[in-house]
Number of protein chains: 2
Amino acid sequence: MEGEMSLTATKSQAQTKARAFATASADRFLSELIRFVRFPSVSAQPQHADDVKRCAAWLARHLQSIGLENVTVTPTARHPIVCANWRHARGQPTVLLYGHYDVQPVDPLSEWRSPPFDPVVRGENLFGRGASDDKGQLFAHLKALESCLRGAGGLPVNVVCLFEGEEEIGSTNLARFLTGARDDLAADVAVISDTRMLGANRPAITYGLRGALSMELEVRGPGTDLHSGNFGGAIHNPLQALCEMLAELHGADQRVTIPGFYDRVRNISRNERAYMARHGPSDREVIEDAQAGKGWGEPGLTLYERIAVRPALTINGLGGGYQGPGAKAVIPSRATAKLNFRLVPDQDPKEIEQLFRAFMVKIAPPAVRVAVRAQAGAKPAVIDPKHPAIRAAARAYRAGFGASPVLLRSGGTIPVVSMFQESLGIPTILMGFALPDDSLHGPNEKFHLPVFRKAIRTSIAFLHELARPESPFVSAANRMAAFALPGADI
Amino acid sequence: MEGEMSLTATKSQAQTKARAFATASADRFLSELIRFVRFPSVSAQPQHADDVKRCAAWLARHLQSIGLENVTVTPTARHPIVCANWRHARGQPTVLLYGHYDVQPVDPLSEWRSPPFDPVVRGENLFGRGASDDKGQLFAHLKALESCLRGAGGLPVNVVCLFEGEEEIGSTNLARFLTGARDDLAADVAVISDTRMLGANRPAITYGLRGALSMELEVRGPGTDLHSGNFGGAIHNPLQALCEMLAELHGADQRVTIPGFYDRVRNISRNERAYMARHGPSDREVIEDAQAGKGWGEPGLTLYERIAVRPALTINGLGGGYQGPGAKAVIPSRATAKLNFRLVPDQDPKEIEQLFRAFMVKIAPPAVRVAVRAQAGAKPAVIDPKHPAIRAAARAYRAGFGASPVLLRSGGTIPVVSMFQESLGIPTILMGFALPDDSLHGPNEKFHLPVFRKAIRTSIAFLHELARPESPFVSAANRMAAFALPGADI
């Protein structure tokens, strides 16, 4: 009994030391994060390919400097993958920490209050593209690892880091890398922080993600741009045909009209629905977060349900014709739209792509030609809320934030979660640190600095919580204290 | 009798001398036109404001150099108006020659085979933005004036020149100028060359033009751009709302659905319809000109009828969201469309604007806000085909091209035609020299050089034909020879 107590005490002392290190280093941690956000690592835009590369190199050097080992930067067909590990916690489980160092494009640039890649602190927030999604969240874990390694002399569990540069463009090259690096990445559980909390003091663990599918639709008409006076009314206009086709994608009930689209949508249980109503964001909160006047969508569902457990189709961009100042009387020869599906279990991106293609071919007017291109697909994912690592994460949140987390389903997509399940056979714990008003993907993205500091403490606690509960060194009392998640019967 | 014969002979000799001057100067005329086309006088784009100004100054110097008098460059709120005259043909009528030196924007730039403002001759054509619309056509008249003034010592009629720099943006400042300069511009008839022939050897006089109205529609949704994963399905998307609104503007019968839109559309007579079928472009020709696979539009009408005597509504540009490479999962806060109406007698742009606004307000979904902006309006115009100046023009074409012109209605708009009717009380003769494949407003615009040379000869002949037929110096035989237009009973 004495040995058990002293080892538990040692673990607790190590955590205390790591927390103290983090507290003492807060200013330096922030200035390092600012350096990280300064890289314009926009994965979608070819002109930023070098910036993405430089960001990966910086990240690799940083991993080395905080005491991680076997740091590698692996080139892919597009953007490199950065890995590192620390495997000296003999007999302990291994955590795979995933994050992405690439960011979304910045347009509309004119709506940023400060330049997106010149990060600046205003009030309690750090503003900059990627500050929250995902550099800030990823960095909280790195600073937790550093606090353990340098403040307490080691990690309580084994850790593998995997940071990619293509998350915002669909993680195209990651699946192949995972297959090839299966042995190096061997782990018991993955952790990702790339999801949202409900508020600065309302932590959340995400147990469901929507899948995604990005498509491009192109409509071609006349062989050249035409004068709309000389031909208007007699030659079909690709812009009009595009609008009419896009308008047919939703019915008057605001449901997607593609035949078969809802066939595989899984109904959620009464229990889960009740849990979502009790703990998830209210309609009012969603509308406020969106700065919208009112909600929209499928009837008979809350806004949170529409976002989290129902699929959606959004138009993300329209192009074609003249968009400069003034007018240009033109019937353009082509028009394009960018579209994004969000999918829920058991929809499959490949099948949805086929249904969409068939529908577009069916409704295309005879006077134009239509091309459909798929850009990236990711499967939806749901993690069993009863998994012990979710319970460990819940205890860690209580230590870091002083508040119990709720279980959430997110409307977003993290393609790697289903890949981890399929390639590595491990579940992923989604410990999000983004706030609803962080403006992810929008102008003036920001990261809440009190959350940054609490996230570091939560990550430190999580690493210690993951140390095997079945270990003879952990007391029965501690095992019983396993945090009871509210409504965990979902 | 002898005096009559000799004076007629003198007139004929003058015309012969002018034609000889034009023939001898052909190479110089072309190199001057190239210099004219080189100015990027794009009126719609603020960054070209100085280019428009420099082009006006060059044109003014050119008018001076060929012997025109009282040359002025009058600034307006936007682009200057260039005027000149020659009023030494005592007792003869006065012709107002109108043209525009501004040009359309050049996008899509990537589709030009040679830079739009580096004009180049390939085969029988001069390629460059504005080569045909309207610099080349305007220039043919200037070279005719020069040929008379320098080759024959004077003009057979009085001439006033009026060249504006805002035709492509709706001639916004011209109406006010016309009112103020009514006395200086006093004339018996106006002539404009800014319309089309049916082919290089198939001249045409245009007697009808559609009116125009340019509108901008803006749809606003959430206060900021949103992540389409985190909000897709629960917050309305301005791009989707825009597409759905635009899709409602045409019915399944391809007619415009705005209530009241067709109320004032004048039906054409059986005679005119028959004339149009006999002399106008066939469906096949329209489709070929458009490089389209097939026609489109209101049922029960030829394509030429749809273009010329029926109104149309075209979408000229769509904007909003992400349009760069790859994907961006965004619900943008706003989306815009540029629209262009073409109107026929007796539709009124102001009334159509009101009908459109009311319809947009009516169909706007409740979850978005809608703004409508009108950019420019012009009334439709029809000129009596029996007007003596039209007959004079027909004789001139026969002299210049060796072929009789047909009478056409155009789907295009020349705002100044209705202004001339209202402000100056004079009809306009539309002697177009553009070919159907000149790619007006499109990439690779060009002007056919044999047409340029024949247009100069036609203009010389027209000036001589306009010399009063009721003059005692013109023989009765000549009066009787008045060219009988085919099917001029329309």
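For every chain, the first residue of the written sequence is number 1, and numbering continues from 1 onward in sequence order. Key to labels: chains lettered from A, ligands numbered from 1, both in the order written. Local features in a predicted model are, by the rule used here, given only for residues with pLDDT of at least 70; side-chain atom pairs are given and counted only at 80 or more, and totals for whole chains, interfaces and linings are based on all residues. Computation of side-chain values: all heavy atoms of the structure, hydrogens and water removed.

1. Regarding the overall build of chain A
Threshold: Strands here are runs of E lasting at least two residues and helices are runs of H or I lasting at least four, both read from the DSSP assignment and numbered beginning at the N terminus. Throughout, the radius of gyration refers to the C-alpha atoms, and the reference size of a globule is 2.2 Å times the residue count to the power 0.38. Exposed residues in this analysis have more than 50% of their type's maximum accessible area, buried residues have under 20%, and partly exposed residues fall in between, with area computed by a 1.4 Å probe over protein chains only. Values of accessible area rely on a 1.4 Å probe in the Shrake-Rupley scheme; residue burial ignores everything except the protein chains shown. His is not counted, nor are the chain ends, whereas Lys and Arg count as positive and Asp and Glu as negative. In plain terms, the charge of a residue is placed at NZ if it is Lys, CZ if Arg, CG if Asp and CD if Glu.
Broken down by element type, chain A carries 15 helices and 18 strands. Its C-alpha radius of gyration of 24 Å places chain A within 12% of the 23 Å reference for a compact globule of 490 residues. A burial count over chain A gives 63% of its 490 residues as buried. When the accessible surface of chain A is totalled, it reaches about 17,900 Å², and 51% of it is carbon and sulfur. For chain A, the distance from the average position of its 55 positive side-chain charges to the average position of its 49 negative side-chain charges is 2 Å.

2. Focus: the interface of chain A and chain B
What counts is decided by this rule: We call two residues in contact when some of their heavy atoms are within 4.5 Å. When two parts are put together, the accessible area they lose, computed with a 1.4 Å probe and summed over both, is reported as buried area. In what follows, salt bridge is the name for a side-chain nitrogen of Lys or Arg lying within 4 Å of a carboxyl oxygen of Asp or Glu. Here a polar contact means two N or O atoms within 3.5 Å. Within protein one must be a hydrogen donor candidate and the other an acceptor candidate, and residues neighboring in sequence count only if both atoms are side-chain atoms. Residues are grouped as follows: nonpolar covers Ala, Val, Leu, Ile, Met, Phe, Trp, Tyr, Cys and Pro; charged covers Asp, Glu, Lys and Arg; every other residue, Gly included, is treated as polar.
Opposite the 88 residues of chain A that make contact, chain B presents 87 residues. A per-residue breakdown of the area chain A buries against chain B is headed by Trp296, Leu318 and Lys328 of chain A, which together make up 10% of the total. Where chain A touches chain B, the interface holds zero salt bridges. The interface formed by chain A and chain B includes 36 residue pairs in polar contact (both at pLDDT 80 or more). When grouped by side-chain class, the residues that make up the side of chain A that touches chain B number 36 nonpolar, 37 polar and 15 charged.

3. Looking at the relation of the copies chain A and chain B
Threshold: Each copy is superposed on the other by least squares, with the fit set by C-alpha atoms of residues at a pLDDT of at least 70 in both.
Aligned on chain B, chain A shows an RMSD of 0.1 Å; the corresponding rotation is 180° and the shift along the axis is 0.0 Å. This pairing of chains is accounted for by a two-fold axis. Identified as the residue of chain A closest to the rotation axis by C-alpha distance is Cys243 of chain A, at 2.3 Å. Most of the interface of chain A is mirrored in chain B: 99% of its interface residues are interface residues there too.

4. Describing the sheet that holds strand 18 (residues 446-448) of chain B
All names here are of chain B. Inclusion rule: Any two strands with at least two DSSP bridges between them are considered paired. All axes are obtained by fitting lines to C-alpha atoms, using only the stretch in contact for helices, and the reported angles, taken between N-to-C directions, cover 0 to 180 degrees.
Across the sheet, three strands lie side by side as 4-5-18; this open sheet has antiparallel pairing. Two strands bound the open sheet, and with one partner strand each, they are strand 4 (120-122) and strand 18. Strand-to-strand, the axes of this sheet are offset by a mean angle of 30°, without reference to chain direction. Contacting strand 4, strand 5 (125-127) and strand 18, helix 14 (residues 449-466) runs over the sheet at an angle of about 60° to strand 18.

5. Focus: empty space enclosed by the protein
Residues and elements named next belong to chain A. The criterion, for reference: Here a cavity is any set of points on a 1 Å grid over the protein atoms alone where a 1.4 Å probe fits but cannot get out, and a pocket is any open set with protein on both sides within 12 Å along at least 5 of 7 lines; a residue lines the site when it has an atom within 4 Å of a point. Grid points are joined across faces, edges and corners, and a volume is the space filled by probe spheres set on the points.
One pass over the structure, following the stated rule, counts eight cavities of 30 Å³ or more. If you trace the largest cavity, you find 14 residues lining it, with Arg196, Tyr304, Arg409, Ser410 and Gly411 closest to the centre. Secondary structure elements with two or more residues in the lining of the largest cavity: helix 10 (303-308) and strand 16 (406-410). In terms of residue class, the lining of the largest cavity is built from eight nonpolar, four polar and two charged.

6. A look at the confidence of the model for chain A
Convention followed: Residue-level confidence of the predictor is summarised by pLDDT, bounded by 0 at the bottom and 100 at the top.
Averaged over every residue, the pLDDT of chain A is 92; residues scoring 70 or more account for 94%. Considering only residues more than four positions removed or in separate chains, one finds that residues 471-488 of chain A, a stretch of pLDDT under 50, has 35 contacts.

7. Observations concerning the pairing of strand 3 (residues 94-100) of chain B
Residues and elements named next belong to chain B. Within strand 3, seven of the seven residues are buried, which leaves it mostly tucked inside the rest of the structure. The side-chain alternation of strand 3 yields two buried faces, one formed by Thr94, Leu96, Tyr98 and His100 and the other by Val95, Leu97 and Gly99. Pairing of strand 3 with strand 6 (residues 158-164) involves seven bridges; the strand directions are parallel. Note that in strand 6 the partner of Val95 across the bridge is Val159. By the bridge criterion, four bridges tie strand 3 to strand 7 (residues 189-192) in an arrangement that is parallel. Residue Leu97 lies in a different strand from strand 7, and its bridge partner there is Val191.

8. Quick notes on the packing of aromatic side chains
All names here are of chain B. Note the threshold: Stacked, tilted and edge-to-face pairs are distinguished by plane angle, under 30 degrees for stacked and over 60 for edge-to-face with tilted covering the rest, among Phe, Tyr and Trp rings (Trp via its six-membered ring) whose centres lie within 6.5 Å.
Taken as a whole and assessed by the stated rule, the structure comprises 24 aromatic pairs over all chains. Measuring from centroid to centroid gives 5.5 Å for Phe341 and Phe356, while their planes differ by 75°, and the two rings are edge-to-face. Of this pair, Phe341 sits in strand 13 (residues 334-343) while Phe356 sits in helix 11 (residues 349-363), placing them 15 residues apart in sequence. With a relative accessible area of 0%, Phe341 lands in the buried category. Considering the side-chain rings of Phe401 and Phe433, the 6.3 Å spacing of their centres and the 15° angle between planes classify their relative orientation as stacked.

9. Examining the pairing of strand 13 of chain B
Residues and elements named next belong to chain B. A large share of strand 13 lies buried, amounting to nine of its ten residues. With ten bridges connecting them, strand 9 (residues 211-220) and strand 13 associate as antiparallel partners. Counterpart to Glu216 in the pairing with strand 13 is Lys338. In the sheet, strand 11 (residues 312-319) pairs with strand 13 via seven bridges, with the strands oriented antiparallel. Directly across from Leu318, in strand 13, lies its bridge partner Ala337.

10. A few points about the pattern of salt bridges
Evaluated as defined, the whole model comprises 54 salt bridges over all chains. The partner of Glu465 of chain A in a salt bridge is Arg395 of chain A, and the shortest N-O contact between them spans 2.7 Å. Taken together, the residues span a long stretch of sequence, with Glu465 of chain A in helix 14 (residues 449-466) and Arg395 of chain A in helix 12 (residues 388-401) at a distance of 70 residues. Looking at Glu465 of chain A, the relative accessible area reads 29%, which means it is partly exposed. Arg255 of chain B is the partner of Glu298 of chain B in a salt bridge, and the nearest nitrogen-oxygen pair spans 2.9 Å. Of this pair, Glu298 of chain B sits in the loop between helix 9 (283-289) and helix 10 (303-308) while Arg255 of chain B is found in the loop between helix 7 (238-247) and helix 8 (270-279), placing the two residues 43 residues apart along the sequence. Since its relative accessible area comes to 6%, Glu298 of chain B is described here as buried. Owing to a relative accessible area of 29%, Arg255 of chain B belongs among the partly exposed residues under this scheme. Connected via shared salt-bridge partners are Glu216, Glu218, Arg220, Arg334, Lys338 and Arg373 of chain A.

11. Examining the environment of Phe452 of chain B
Residues and elements named next belong to chain B. Tracing the backbone shows Phe452 in helix 14. Judged by relative accessible area, which is 3%, Phe452 ranks as buried. Apart from the residues within four sequence positions on either side, Phe452 is in contact with Phe29, Leu30, Leu33, Gly136, Phe139, Ala140, Lys143 and Phe447.

12. Focus: the sheet that holds strand 11 (residues 312-319) of chain A
Residue and element names in this part refer to chain A. Strand order in the open sheet formed by four strands is 11-13-9-14, and the pairing between neighbours is antiparallel. At either margin of the open sheet sits one strand with a lone partner, and together these are strand 11 and strand 14 (369-378). Here the average twist between neighbouring strands, direction ignored, is 20°. The strands touched by helix 7 (residues 238-247) within the sheet are strand 9 (211-220), strand 11, strand 13 (334-343) and strand 14, with strand 13 carrying the most contacts at an inclination of about 20°.

13. Some details on unusual backbone geometry
Here Asp107 of chain A and Pro108 of chain A are connected by a cis peptide whose omega angle stands at 5°. Position of Pro108 of chain A among the secondary structure elements: in the loop between strand 3 (94-100) and strand 4 (120-122). With an omega of 5°, the peptide bond between Asp133 of chain A and Asp134 of chain A qualifies as cis. With respect to the element layout, Asp134 of chain A can be found in helix 4 (residues 131-151). One non-glycine residue, Asn70 of chain A, adopts positive backbone phi at about 50°. Looking at the element boundaries, Asn70 of chain A is found in strand 1 (residues 69-74). One non-glycine residue, Gln254 of chain B, lies in the positive phi region at around 65°.

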